[in-house]
Amino acid sequence: MKYLAIFLTTLLVACSTPVPVKPKFPEAPQVLKDKCEQLRKIEGDRVAITEMLKVVIHNYTLYYECSTKVEGWQEWYNTQKKIYESVK
Amino acid sequence: MTQIYWMLELIPESVLLWLYYTALTAGIIMLAASWLVKWFPGISNYKLPIQLAGVVLTAGSLYLLGGYSTEVMWRDKVKDLEAKVKLAEEQSTEKNVEIQEKIVTKTTVIKEKGKTQIEYVDRVITQDKEVIKYIEQCPVPKAIIDAHNAAAEMNKAAEGKK
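The shown structure was predicted, so the numbers you read here are calculated from the model rather than taken from an experiment. (Residues numbered from 1 in each chain as written. Chains lettered and ligands numbered in written order. Predicted model: local features only at pLDDT ≥ 70, side-chain atom pairs only at ≥ 80, totals over all residues.)

The next thing to look at is the overall build of chain B. A count of helical and extended segments in chain B gives six helices and zero strands. Counting helices and strands in the order they occur from the N terminus, chain B gives α-α-α-α-α-α. The proportion of buried residues among the 162 residues of chain B is 8%. (Helix = DSSP H or I, 4+ residues; strand = E, 2+ residues; numbered from the N terminus. Buried ≥ 20, exposed ≤ 12 C-beta atoms within 10 Å, placed from the backbone.)

Printed below as a string of structure tokens:
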């Protein structure tokens, strides 16, 4: 009787099981995954100041394009984090 | 134990519950009867088997009822979590589209502005008499060009040091 009571108590011990549902890692937009372009160099030995200015403008454009992507990554991360944390 | 639960899953839930509650009731009745049999001399010899059967039935049915409740609780949790994950995935996709559109629009505007600026240099700045004089007489010194180009390739130096 004593052993039966111990056996039954053992059977009644609860088990903990993790819920087998996991959120999928979100895919980032393709536009964010494209690499930033390399800055342009000034070609030639005798270069007019206006040609140099055009290269500088082009490089500023590249900088702002790239910074837009960085801001996009930041926004993507913050948004996805919020969404992920809501699944609990 | 998993196989037992798998086999139990094949039986309809209502039948299972009915079986569990019947076994529990029978177990309790048997436990009560085991106390009462001592007043009936003819059957008092059966006290122990009745008590044993009562304990086994009560404990067994309570265990199975507990398992069933836990199973139902987990199923509900899984269902709830699956719904949340689905909603999160939809929100994530929506936000991705939103971010993608925002980046594409911003990049297009920046490219356009850059193009306009360069066109302005070609159209207006190079026509300025003062500037024309500079273009003709003062080419940018090579040292300045080299310094600019070196600055434009700073990242390559950093990559080389990895």
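That shown, we press on.
On to the interface of chain A and chain B. The extent of an interface is frequently quoted as the accessible surface area lost upon association of the parts. The interface of chain A with chain B comprises 43 residues on the first partner and 39 residues on the second. Where the side of chain A that touches chain B is concerned, the elements lending two or more residues are α1 (2–12), α2 (30–33) and α3 (49–86) of chain A. Counting residues per element, the side of chain A that touches chain B draws most heavily on α3(A), at 21 residues. Residues belonging to the side of chain A that touches chain B are distributed by class as follows: 24 nonpolar, 10 polar and nine charged. (Contact = placed C-beta atoms within 7 Å. Nonpolar A, V, L, I, M, F, W, Y, C, P; charged D, E, K, R; others polar.)

Attention now moves to the environment of Ile42(A). Here Ile42(A) lies in the loop between α2 and α3. Classification of Ile42(A) as buried rests on a count of 20 C-beta atoms within 10 Å. Considering only alpha carbons, one finds Ile42(A) and Met52(A), 10 residues apart in sequence, at a separation of 6.5 Å. Those residues in contact with Ile42(A), other than ones at most four positions away along the chain, are Val47(A), Met52(A), Val55(A), Ile145(B), His148(B) and Asn149(B).

As a further point, take helix α3 (residues 47–123) of chain B. Over its 77 residues, α3(B) runs 112 Å from end to end, which matches the ideal 114 Å to within 8%, given 1.5 Å per residue. If you check which residues of α3(B) are buried, you get Gly54(B), Leu57(B), Thr58(B), Ser61(B), Ala88(B), Ser92(B), Asn96(B), Ile99(B) and Ile103(B). Looking at the buried positions of α3(B), the neighbouring elements they touch are α2 and α3 of chain A together with α2 (13–36) of chain B. (Expected span 1.5 Å × (residues − 1).)

These figures come from the coordinates and say nothing about function on their own.
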